[in-house]
Structures are given as structure tokens and as C-alpha cells.
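# Results of the structural survey
Here is how the chains run, residue by residue.
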Amino acid sequence: MIPPAFDYVRPTSVDEAVRALAEGGEEAKVLAGGQSLLPLLRLRLAFPELVVDVGRIPGLRGVREDGDMLVIGAMTTHHDVVHDPLVRRHAGLLAAATATVADPAVRHRGTLAGSLAHADPAGDLPAVVLALDGEMVAQGPRGRRTIAARDFFVDYLQSSLEPDELLVEVRLPKADGWGFHYEKFHRVSQSWAMVGVAALVRRADGHIAEARIGLTNMSSVPLRATATEQALTGAGDAEAVARAAESAAEGTHASQDASATPEYREHLTRVLTRRAVLAAAGMG
Amino acid sequence: MTHISVKVDGTTYEDDVEPRLLLVHYLRDRLGLTGTPIGCDTSNCGACTVELDGVSVKSCSVLAVQADGSEVTTVEGLAHDGELTALQRAFHDKHALQCGYCTPGMLMAARDLLREHPHPTTDEIRHALEGNLCRCTGYQNIVRAVQAASEEEVPA
Ligand SMILES: Cc1cc2nc3c(=O)[nH]c(=O)nc-3n(C[C@H](O)[C@H](O)[C@H](O)COP(=O)(O)OP(=O)(O)OC[C@H]3O[C@@H](n4cnc5c(N)ncnc54)[C@H](O)[C@@H]3O)c2cc1C
Ligand code: FES
Ligand code: FES
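Residues numbered from 1 in each chain as written. Chains lettered and ligands numbered in written order. Predicted model: local features only at pLDDT ≥ 70, side-chain atom pairs only at ≥ 80, totals over all residues. Heavy atoms only, no water.

Grouped together as the largest cluster of nonpolar side chains are 84 residues, with contacts concentrated most on A:Leu94, A:Leu116 and A:Ile208. Apart from residues no more than four positions distant in its own chain, A:Ile208 is found in contact with A:Val201, A:Arg202, A:Arg203, A:Leu232, A:Thr233, A:Gly234, A:Ala235, A:Val241, A:Val277, A:Ala281 and A:Met283. Counting residues in each nonpolar core, the second largest holds 31 residues, with B:Val8, B:Val17, B:Leu31 and B:Val50 among its members. (Core = buried A, V, L, I, M, F, W, Y, C linked by side-chain atoms within 4.5 Å. Buried < 20%, exposed > 50% of the residue type's maximum accessible area, 1.4 Å probe, protein only. Contact = heavy atoms within 4.5 Å.)

Let us look at the interface of chain B and chain A. With 32 residues of chain B in contact, the opposing surface of chain A contributes 32 residues. Approximately 2,500 Å² of surface area, both sides summed, lies buried where chain B meets chain A, with 51% of it carried by carbon and sulfur atoms. Taken together, the connections running from chain B to chain A amount to four salt bridges. When the shortest N-O distance is used, the salt bridge between B:Glu130 and A:Arg107 registers 4.0 Å. One can count twelve residue pairs in polar contact (both at pLDDT 80 or more) joining chain B with chain A. Of all the secondary-structure elements, those providing two or more residues to the side of chain B that touches chain A are β4 (55-58), α3 (103-116) and α4 (122-128) of chain B. If one sorts the elements of the side of chain B that touches chain A by residue count, β4(B) sits on top with four residues. Class assignment for the residues of the side of chain B that touches chain A results in 13 nonpolar, eleven polar and eight charged. (Buried area = accessible area lost by both parts, 1.4 Å probe. Salt bridge = Lys/Arg side-chain N within 4 Å of Asp/Glu carboxyl O. Polar contact = N/O pair within 3.5 Å; in protein donor to acceptor, adjacent residues only side chain to side chain. Helix = DSSP H or I, 4+ residues; strand = E, 2+ residues; numbered from the N terminus. Nonpolar A, V, L, I, M, F, W, Y, C, P; charged D, E, K, R; others polar.)

A few words on the packing of helix α2 (residues 86-93) of chain B against α3(B). Residues and elements named next belong to chain B. In contact at an axis separation of 10 Å, α2 and α3 are set at 125° when each is read in the N-to-C sense. By the criterion of interaxial angle, the relationship of α2 to α3 is oblique. α2 and α3 meet at a crossing whose hand is right-handed. Residues Leu87, Gln88 and Phe91 of α2 touch α3, and the partners they reach there are Thr103, Met106, Leu107, Ala110, Arg111 and Leu114. Along the lines of polarity and charge, the residues of the contact of α2 with α3 split into six nonpolar, two polar and one charged. (Axes fitted to C-alpha atoms, helices over the stretch in contact; angles between N-to-C directions. Parallel < 35°, antiparallel > 145°, perpendicular 65-115°, else oblique. Left-handed = near helix turned anticlockwise from the far one by under 90°.)

Bringing the environment of B:Asp68 into the picture now. By the secondary structure assignment, B:Asp68 is in the loop between β4 and β5 (71-73). Residue B:Asp68 is classed as buried on the basis of its relative accessible area of 17%. Distance in space between the C-alpha atoms of B:Asp68 and B:Pro37 is 21 Å, their sequence separation being 31 residues. Here B:Asp68 is in contact with A:Arg10, A:Arg56, B:His3, B:Ile4 and B:Ser5, once residues within four sequence places are set aside. Polar contacts involving the side chain of B:Asp68 include one to the side chain of A:Arg10, which spans 3.4 Å.

Around ligand 1, the surrounding shell holds 32 residues, and the nearest of these are A:Val30, A:Gln35, A:Leu37, A:Thr111 and A:Asp124. More than one chain lines the surroundings of ligand 1; the residues nearby belong to chains A and B. Within the side chain of A:Lys184, an N or O atom sits 3.0 Å from an oxygen atom of ligand 1. In the complex, 96% of the free accessible area of ligand 1, which totals 980 Å², lies under the protein chains. Among the elements of the structure, β2 (28-31), α7 (112-118) and β10 (166-173) of chain A are those that each provide at least two residues to the shell around ligand 1. Here the element with the most residues in the shell around ligand 1 is α7(A); it accounts for four residues. (Near = heavy atom within 4 Å. Areas by Shrake-Rupley, 256 points an atom, 1.4 Å probe, with all protein chains shown as cover.)

Below is the structure:
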């Protein structure tokens, strides 16, 4: 279908973009890679009066280091993330999960920041950034603020960004020395996760010293499997991991849709968590 | 209206377009380049795949205004003077199409793959084409064609 009509601006700086958003108010929408927004416009599920295209703002694309943090600019595409040497070295979980997002053509346009701002519970990257203890840097008319991943996702398709704020960068603590794995369950290639599990594991003396687990699509927001994370401390073999994974669905609120019941999603969460942790810990 | 300048298959076009105009509609309805079809409303089928500044994109999921200042290659820009590229010839030789609706997108997606991986495995070919749906062939011959093209000396 043909999208509804809207006005279009293509600012050349973050300040200019923020001004345009502030003037547009609730009726303005940021356009990044467009891989979620354009399908919504085509299906006439969104009716912005103003589209603010941030795709050409210099300096928003790319990955850099800042001490112990990895800083990923808002216009860094999924394709960039998958291939970036810094991401692969310090946040391998993100590169691995991003490689499962959509297909090559979508990955050429879609951005990490766009996926996070879109806050789709079935999106793979929110749970990954949550497991990595990442933070988002937003810029608005009142200046810059940093939002921890655990406070960023508010509800279904809703982040804590204000309408006049631009997400400018994503900051991830370097996860050097952590084993990682993203386990995604979907029915057909290119489709969204029915459930996804992002696992990070730090081992010491042959045991799991610390584990962090993010869950995709088990609530209206991404979740951490905290009960399993705690139970994994000290786990030294596959049986201990399997026992800890039994509590992976605690505190989740999975939805019902054409492809799965909540109970089936809970079952998947337990099974996929076991697999993801074993792979991350190199015990598989 | 927004003014755009886009180079498509080697020719530069200057136009005033509505911001909501999709690149695929610009190519088809404005420029008459109907070699790029539209197969879905959900950005899933990949039939509309073109190259934008050297990488594959779904032209139904890009606004024409986003292509301002860029270079677009469509399936119509592949052959020169009626001479098919190695990849196109391989699709013909290996019977990689039946109705042909998915073929422009398959070709553009496969070109992208061969640029990054000149000698892909069949697994890599299948993964690279996961955003392109074919209702006819069952994919086997498409995979064979891409592999055959990758074995030729001439670049796709
Ligand atoms: C066929 C298909 C399959 C897909 N499969 C998957 C999948 O398996 N897993 C997955 O995770 N995703 C999937 N996606 C979605 C994809 O990852 C999108 O790229 C991503 O969700 C949005 O990023 P974008 O840059 O394209 O954002 P856009 O579409 O441009 O924007 C999305 C939303 O975020 C807002 N926004 C974007 N950037 C910013 C910013 N910097 N500051 C403030 N707000 C911003 C926009 O206003 C809009 O509301 C798929 C998409 C398609 C078309
Ligand atoms: S027309 Fe189906 S993906 Fe573009
Ligand atoms: S040949 Fe008919 S859709 Fe592929």
C-alpha cells in the first residue's frame, strides 16, 4: 500500500533534529533505517505528520571505544554491527544475535538504535542489550541523559524516550572474557523469535562464576531470567545447568498468538536457556 | 514536494517527489523501470530488491527521498547490450525460474552475496537468500545457479 502523506525533513545535526522533533511534538517520528517504520506506514498503522530522517547526520554511524565501554552510534546498521571488529571482540553476543535479525537487505538498512527505540518484545536486540547491561544515551531539548537498559523498555512498542528525544548512542560495557550465545527459536527462516535467549557466562576454575540471561518475547518488555542467573553461580556441569534452567520462565508473562501458547513459550524458555548457557559456557 | 537527484542504472534523474513515495514506486511509475516488481505489503518477499549505493535493499522499504544523492542499480542495469551477466546466464542455464516474479530480487540478493563471499557454500547461499521468497521453484535450482555463477571466472 501507499503510505499516508507526511512532511519530511532531513536535518544535518543532532541539534537540528531535536529542534524539528520538539516542533513536531507528538506528531513527529524519527526515521532511521526505516525497516520497522516504513512497513508500519505502508500498512497504515502509523500516521506521523512529520518524519525526521536522521540517516544523514554526520557522526551518528560507527563504533568506538571509550575506556571500558563500547559506544555504538545510532545510525550504525545491523550489517555494520555484525561485521565490526570492535563489536565482535568486546560484545560478541550482540554480533551473534544481530546476524539472526531479518535478512541481509533489511540488515543493510535497519539500525541497532532503531530496534531498541522500536521496543518490539519480539525484537532480538533489546534482550541482548539488557543482558549486556547496556545503556542508551538520549538527546533532547533539555540536554543529554543516559538510561540504563533495565529502565529503557517500558511496555509493548514503548521505550522511555520522550517524543522530542533522539537516541544518539548505545553504550555497552565490554564483555571481554565472557562466553556468549544467542538461541533463537522461530518457525521459518527470516521470521521473528517465538522465544529468544541471550546468555553471557563468565567461568572461573571450571565453574560458572556469573551468568546473565536476557529473554526475548516473554513479556511486553525484554526480561532477565534472574532466578536462573542466581542458580547458575557455581554450576560446574551440564546437570547443574539443566537444574538452574528449570526456573528460567519464573516471572515471565508470555503472550498467546497463532504460533504459541504462553505455556509452550515457558517450556521453550527453559529448554532454550539450558542450550544457550551450555553453549556460552562451552559445556555443550 | 522534495527535490531529489538519483542515479539509476547509470542515468541521473532530477525529480520533485512526495516524501511518502516509495523507491519502488519511483522506479516503476516515474521512471518506467518495471523490471523491479512488488510482491508484498510486509517487506518480507524481497521481490523488490535493488542495490542502493552498492548494497542490497528492499526498494519497497526505502523512501525515494532517502535515495537522494545515491546510486541505484536495478535488474535492468545488469545486462549490457543484451549480454547477460554470468549470474543471469546461470539462472537461465540451471532453470532457476518458472514464473520469474522473484527473479529480479533473487539476482540482486545473490550479487550481494557473491560480492561478500565469491565462493559461498550452499548453506551460505540459502542464508543469503532468506529474505527472498519464491513460490515456484522450491529454491533448489536457484541455489545451483548461484553456485554455478560463483564457479565462473567472470565476476557476477
Ligand atoms: C522482513 C523483516 C524482518 C525482520 N526480522 C526481525 C527479526 O528477526 N528480529 C528483529 O529484532 N528485528 C527484525 N526486523 C526489524 C528490524 O530489526 C528493524 O531494522 C528495526 O526494528 C528498526 O530499526 P530501523 O533503524 O529500521 O528503525 P526505523 O524503522 O527507522 O524506526 C523504528 C522506530 O524507532 C524510532 N527510532 C529509530 N531510531 C531512533 C532514534 N535514533 N531515536 C529515537 N527514535 C528512533 C522510529 O521513530 C520508529 O518509531 C525485521 C524487519 C523486517 C522488515
Ligand atoms: S515488495 Fe515484498 S519485500 Fe518489497
Ligand atoms: S519463479 Fe515464480 S516466484 Fe520464483
